[in-house]
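Structural description and commentary
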Amino acid sequence: MTTATPSYDTASPRPHRAGPPPLRIAVIAASVRKERLSRTLADWAAGRASGSGVDVDLIDLAECDLPDDRELQPGGGPRSVIADRIERADGYVIVTPEYNHSYPAGLKRAVDWHYGEWMFKAATVISYGVQGGLLAAEHLRGVFAELHVVTTRRVVGLREPWNDVHDGGFAPPPGPGEAVDEALRELAWWAETLRAARRDRPFRR
């Protein structure tokens, strides 16, 4: 007598395997000036990112006191108040203005105060300024390359975004939001890929 092969519905259930945890993306508001737009734009970017099914941690550098630069050493320095948050992130969205054809000194300090926390992660840049602030993004690429951070091909430059701030929030036309969504989609791909690589085949220096 031939025994029938169980169908998919009647076969014994397979053990449940939990999927990977959601990606954790740190959105970093880079400007520390008193009169600034960085936090408003970072709030907007964090809202776009959280809608894509990731855990978002908004880090406002204006609210973070880093140690004195005299304690800075090659490869970082004493553990900062945001070191754990940078280390836990799988990827980063840097929201930065362009100051004098580059990015702010406060952001450079935050980058330099951490080393291993950044390594083998992914980042995208949302820059802003009169012409979109893209020189800030290009300068960040070189700095992050030194830290083994992959920056996405897609970055977003917001041109004169202060004209789209209403009732304390950023409300641009559809184009910038769609561009950010595309950058976030690329960021998620890199972040997932690099997270798996860090886990399964960590780089040996």
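Right above here is the structure, for reference.
Everything numeric here is computed off the predicted structure, so don't read it as measured data. (Residues numbered from 1 in each chain as written. Predicted model: local features only at pLDDT ≥ 70, side-chain atom pairs only at ≥ 80, totals over all residues. Heavy atoms only, no water.)

Topic: the overall build of the protein
When you go through the protein residue by residue, the secondary structure sums to five helices and eight strands. Along the chain direction, N to C, the helices and strands of the protein fall in the order β-α-β-α-β-α-β-α-β-β-β-β-α. With respect to the three principal axes, the spread of C-alpha positions in the protein is 85 × 45 × 25 Å. The buried share among the 205 residues of the protein stands at 41%. Taking contacts inside the protein between residues at least 6 apart in sequence as the whole, the part at least 24 apart equals 81%. Summing over all exposed atoms, the protein offers an accessible surface of approximately 11,900 Å²; the carbon and sulfur share of this is 50%. (Helix = DSSP H or I, 4+ residues; strand = E, 2+ residues; numbered from the N terminus. Buried < 20%, exposed > 50% of the residue type's maximum accessible area, 1.4 Å probe, protein only. Contact = heavy atoms within 4.5 Å. Areas by Shrake-Rupley, 256 points an atom, 1.4 Å probe, with all protein chains shown as cover.)

Topic: the layout of surface pockets
Roughly 190 Å³ of internal volume is contained in the largest pocket. What lines the largest pocket is a set of 17 residues, and nearest its centre among them are A49, S52, V54, L184 and A188. Counting only elements with at least two residues in the lining of the largest pocket, the list comes to α1 (38-50) and α5 (174-200). The biggest single contributor to the lining of the largest pocket is α5, with seven residues. A breakdown of the residues in the lining of the largest pocket according to their chemical character gives nine nonpolar, three polar and five charged. (1 Å grid on protein atoms, 1.4 Å probe; cavity = no way out; pocket = protein on both sides within 12 Å on 5 of 7 lines; lining within 4 Å. Points joined across faces, edges and corners; volume = space filled by probe spheres on them. Nonpolar A, V, L, I, M, F, W, Y, C, P; charged D, E, K, R; others polar.)

Things to note about the environment of D84
Mapping D84 onto the fold places it in helix α2 (residues 83-88). Relative accessible area serves as the criterion here: at 40%, D84 is assigned to the partly exposed category. Measuring from C-alpha to C-alpha, the distance between D84 and P22 comes to 18 Å, with 62 residues separating the pair along the chain. Engagement of the side chain of D84 in a polar contact is seen with the side chain of R79, the distance being 2.7 Å. (Polar contact = N/O pair within 3.5 Å; in protein donor to acceptor, adjacent residues only side chain to side chain.)

A word on the packing of aromatic side chains
Per the counting criterion, the structure on display carries five aromatic pairs. Each ring, one from W189 and one from W190, has its centre 5.1 Å from the other, and the planes form 90 degrees; the classification is edge-to-face. One aromatic cluster in this structure is built from Y92, W118 and F144. It is R33 that lies over the ring of Y99; its NZ or CZ is 3.8 Å from the centre. (Phe/Tyr/Trp six-rings, centres within 6.5 Å; stacked < 30°, edge-to-face > 60°. Lys NZ or Arg CZ within 6 Å of the ring centre and 35° of its normal.)

Some thoughts on the packing of α1 against α5
Close contact between α1 and α5 brings their axes to 10 Å; oriented N to C, the two are set at 55 degrees. By the angle between their axes, α1 is oblique relative to α5. Considering the relative orientation of α1 and α5, their crossing is right-handed. Where α1 abuts α5, its residues W44, R48 and A49 lie against P176, G177, E178, V180, D181 and L184. Split by residue class, the contact of α1 with α5 holds five nonpolar, one polar and three charged. (Axes fitted to C-alpha atoms, helices over the stretch in contact; angles between N-to-C directions. Parallel < 35°, antiparallel > 145°, perpendicular 65-115°, else oblique. Left-handed = near helix turned anticlockwise from the far one by under 90°.)

Quick word on the pairing of strand β3 (residues 91-97)
The element β3 is largely enclosed, with a buried count of seven among its seven residues. Residues G91, V93, V95 and P97 line one face of β3 and the alternating positions Y92, I94 and T96 line the opposite face, and both faces are buried. Bridge count between β3 and strand β4 (residues 122-129): seven bridges; the pairing is parallel. Within β4, the position partnered with G91 by the bridge is A122. The parallel pair β3 and β4 is bridged by helix α3 (residues 105-112), and the resulting crossover is right-handed. (Pairing = 2+ DSSP bridges. Right-handed = clockwise from strand over helix to strand, strands pointing away.)

Examining unusual backbone geometry
Backbone geometry at F120 places phi at a positive 60 degrees, although glycine is not the residue there. Here F120 lies in the loop between α3 and β4. Unlike most non-glycine residues, H148 shows phi in positive territory, near 60 degrees. Structurally, the position occupied by H148 is in the loop between α4 (134-146) and β5 (150-151). Exposure remark for H148: the relative accessible area of 32% places this residue in the partly exposed category.

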